[in-house]
Amino acid sequence: MRRREFITLLGGTAAVWPIAVRAQQSAMPVIGFLRSTPAGPFAHLMVAFRQGLSEAGYVEGKNVTIEQRYADNQIDRLPALVDELVRRPVNVMVANVLAALAAKNATTTVPILFVTGSDPVKDGLVASLNRPGGNVTGVSFVSGALATKRLEILRQLVPNARTIAMLVQLDALESVLEQREVQAAAQASGQQLIVFDVNSAADIEAVFVTMTARGVDALYVGTGPFTTSHRERLAALAARNAIPALYPLREFVAVGGLMSYGASITDAYRQVGIYAARILKGEKPADLPVIQAAKFDFVLNLKAAKALNLALPDRILALADEVIE
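Residues numbered from 1 in each chain as written. Predicted model: local features only at pLDDT ≥ 70, side-chain atom pairs only at ≥ 80, totals over all residues. Heavy atoms only, no water.

## A word on empty space enclosed by the protein
- Applying the stated rule across the entire model yields one cavity of 30 Å³ or more.
- Volume-wise, the largest cavity comes out at about 200 Å³.
- Secondary structure elements with two or more residues in the lining of the largest cavity: β4 (112-116), α8 (225-229) and α11 (265-280).
- Grouping the constituent residues of the lining of the largest cavity by class yields nine nonpolar, seven polar and two charged. (1 Å grid on protein atoms, 1.4 Å probe; cavity = no way out; pocket = protein on both sides within 12 Å on 5 of 7 lines; lining within 4 Å. Points joined across faces, edges and corners; volume = space filled by probe spheres on them. Helix = DSSP H or I, 4+ residues; strand = E, 2+ residues; numbered from the N terminus. Nonpolar A, V, L, I, M, F, W, Y, C, P; charged D, E, K, R; others polar.)

This is the structure we're talking about:
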């Protein structure tokens, strides 16, 4: 073969090769991963989701593509982000509760998998847990239902607490239900509960000033994406103001919070990764019952307890699933 012919052939191959690669990449199934929150505080959830996918035979970049979108707590951005993923198009969409509701309003054909700490039936995501129907299913770790247990743990750790503050964002149904449970439990035990509705970082700062002025003895931090997004700030302010606080998830304790009791949100995302793989293999959301979280953790931070001069009773230490030193 002459040199000029060889170069011409090589040049033609080089021009075709990127097209072939792009075709191969586009043939991969695509998962849309959508949250109403910022990305940073929830990076560990993507790790857990990838783990679930991997357990079921899917590895990002090898045989599946993941498109991530985050609304940064700006709920009005969700419809546009959903539309973007639908037009991509994606084979399945994974979302937290607010994003899942936006997705359900936008499409009846794209499979939607949610991870939620509220009741997906009451929220209108599915018809029932066993028979979801439609194009939506997922994992539920109903956190609000644990409110009474959480308050009892807080009471055991701070037995002399008479005034307890509850910090929660009340524009979500799960938070309203949780607030009612905590209020009923506090009244039954003769404790005063002060509920603070927070919707911004500025609200959080102001609430701690008010709590200190009113002599709050302990703090109950409610569930929801807003409080979880601000967990580092909440843990830091509770420590600075020497207020013993109980949080809904281990993630709060990992960044310095005193203690948490609740479902493992990372395990929930691992499970939804497995569900996403099953859908990619051909199963339909309507045939996959909503998974009820079965893993619950009570986590203690010994360093935080020492800073607060709290003596941890043996019964509390015995209950702990994990102790962070």
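## Topic: the side chain of D297
- Note on placement: D297 falls in strand β12 (residues 296-301).
- Aside from chain neighbours lying at most four places away, what touches D297 is S260, Y261, G262, S264 and D321. (Contact = heavy atoms within 4.5 Å.)

## A few points about the pattern of salt bridges
- On inspection of all chains with the given rule, the structure shows 13 salt bridges.
- Between E84 and R69 there is a salt bridge, with the nearest N and O atoms lying 2.7 Å from each other. Taken together, the residues E84 in helix α3 (residues 78-87) and R69 in strand β2 (residues 65-70) connect sequence positions 15 residues apart.
- Taking the relative accessible area as the measure of exposure, E84 reaches 32% and is therefore partly exposed.
- With a shortest N-O distance of 3.3 Å, D72 and R77 are connected by a salt bridge.
- For R77, a relative accessible area of 29% translates into the label partly exposed. (Salt bridge = Lys/Arg side-chain N within 4 Å of Asp/Glu carboxyl O. Buried < 20%, exposed > 50% of the residue type's maximum accessible area, 1.4 Å probe, protein only.)

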